[in-house]
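Structure assessment
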Amino acid sequence: MNTVEPVNALVFTPHPDDAEFGVAGTVVNWIREGKDVVYVVCTNGDKGTSDPNLDPAELAKTREEEQLAAADMLGVREVVFLRHPDQSLEDTPEFRKELVRLIRTYRPNTVVTADPYRRYLWHRDHRIVGRVMLDAVFPYARDVHAYPDLYQEGLEPYKVREVLLWGSPDTNYWLDITDTFDIKMAALACHKSQIDPTRVKEMAERMRERHRLMSADSGYELAEGFHREELFR
Ligand SMILES: [Zn+2]
């Protein structure tokens, strides 16, 4: 039997730090509204360095700690680490089932990840997570006969209501992060192995401009933009 409390949003982040870039301002808004958020970190990020002397296993450990600190700052209920090696993800039946298991366990209203259909240069892990997540949402999480063994375990079919994709070339939905931009930046700054602490201020200025431009005609001062798909209305 599945005894896990349902969650408002399940965020699939390919690497530690992507969710902070993509959706952290919105995550804080949801949490302030009393809605739970759970993160799923798909890879361990162990190739995220240009230092040949840095041990990948050590880096993976550091990045988990950084991700936990960032999630804690935002108020995320739980962080699930899948610990696949960085740059290793493939669109396999095993990975798809792993994501279906999580969707059926946490029963989110909204699933969030990277848009897999961003053209040309885009991290392969982002493309794979986005694509496999979309397949997991529909039809695999929905259909009882897709995984008889999961059903036997008590993980019943589940219909996600909404998918939000960050980094999209086809943004059609904006959420106001004017009041949560500063905490988004503070959470990003937790990723010290990725963001040089001496350059956080400079990055915050760049990010402010990015989210100002991203807000487009939404009327918000600062926004996170997504491609949104609504399902099963
Ligand atoms: Zn990434």
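Source: prediction; values computed, not measured.

Re the overall build of the protein
When you go through the protein residue by residue, the secondary structure sums to 7 helices and 7 strands. Relative to a compact globule of 233 residues, whose C-alpha radius of gyration would be 17 Å, the protein shows 17 Å and is just as compact. On the principal axes, the C-alpha backbone points of the protein span a range of 50 × 45 × 35 Å. For the protein, buried positions account for 48% of its 233 residues. When contacts within the protein are restricted to residue pairs at least 6 apart in sequence, those whose partners lie at least 24 apart make up 80%. Within the structure as shown, the protein displays about 11,500 Å² of accessible surface, and the carbon and sulfur contribution to it stands at 49%. Taken as two groups, the 30 positive and 41 negative side-chain charges of the protein have centres that lie 3 Å from each other.

Overview of the environment of Met 73
Position of Met 73 relative to the elements: it lies in helix H2 (residues 56-74). Residue classification places Met 73 among the partly exposed positions, given a relative accessible area of 38%. A sequence separation of 110 residues divides Met 73 from Ile 183, and the C-alpha atoms of the two residues are 7.8 Å apart. Discounting chain neighbours no more than four positions away, the residues touching Met 73 are Ile 183, Ala 186, Ala 187 and Cys 190.

Topic: the coordination of the zinc ion
At the metal site, the zinc ion is ligated by His 15 (ND1), Asp 18 (OD), Asp 18 (OD) and His 126 (NE2), and these contacts range over 2.0 to 2.3 Å. Metal-centred angles of 58 to 138 degrees between the 4 donor atoms at the zinc ion mark the site as irregular. Each donor residue of the zinc ion belongs to the same chain, with the gaps between them written as H-x2-D-x107-H. Accessibility assignment for this pair places His 15 and Asp 18 in one class, buried.

Brief notes about the layout of surface pockets
Volume-wise, the largest pocket comes out at about 480 Å³. Forming the boundary of the largest pocket are 20 residues, of which His 15, Asp 17, Asp 18, Phe 21 and His 126 lie nearest the centre. Mapped by element, the contributors of at least two residues to the lining of the largest pocket are helix H1 (18-32) and helix H7 (200-214).

Thoughts on the packing of aromatic side chains
According to the stated counting rule, one finds 1 aromatic pair in the structure shown. Ring centres 6.1 Å apart and planes at 40 degrees place the aromatic pair Tyr 140 and Tyr 147 in the tilted group. With relative accessibility at 27%, the residue Tyr 140 sits in the partly exposed group. Its guanidinium or amino end placed over the ring of Tyr 140, Arg 96 lies 4.3 Å from that ring's centre, counting from NZ or CZ. Lying across the ring of Tyr 173, Arg 228 places its NZ or CZ 4.5 Å from the centre.

As for the environment of Ser 193
With respect to the element layout, Ser 193 can be found in the loop between helix H6 (181-189) and H7. The contact partners of Ser 193, leaving out residues within four places of it in the chain, are Leu 59, Thr 62, Arg 63 and Glu 66.

Calculation criteria
- Residues numbered from 1 in each chain as written.
- Predicted model: local features only at pLDDT ≥ 70, side-chain atom pairs only at ≥ 80, totals over all residues.
- Heavy atoms only, no water.
- Helix = DSSP H or I, 4+ residues; strand = E, 2+ residues; numbered from the N terminus.
- Rg over C-alpha atoms; globule rule 2.2 N^0.38 Å.
- Buried < 20%, exposed > 50% of the residue type's maximum accessible area, 1.4 Å probe, protein only.
- Contact = heavy atoms within 4.5 Å.
- Areas by Shrake-Rupley, 256 points an atom, 1.4 Å probe, with all protein chains shown as cover.
- Lys, Arg positive; Asp, Glu negative; His and termini not counted.
- Charge placed at Lys NZ, Arg CZ, Asp CG, Glu CD.
- Donors = N, O, S within 2.8 Å, 3.2 Å for Na, K, Ca; no water.
- Tetrahedral: all angles 85-135°; square planar, octahedral: opposite > 155°, others 65-115°.
- 1 Å grid on protein atoms, 1.4 Å probe; cavity = no way out; pocket = protein on both sides within 12 Å on 5 of 7 lines; lining within 4 Å.
- Points joined across faces, edges and corners; volume = space filled by probe spheres on them.
- Phe/Tyr/Trp six-rings, centres within 6.5 Å; stacked < 30°, edge-to-face > 60°.
- Lys NZ or Arg CZ within 6 Å of the ring centre and 35° of its normal.

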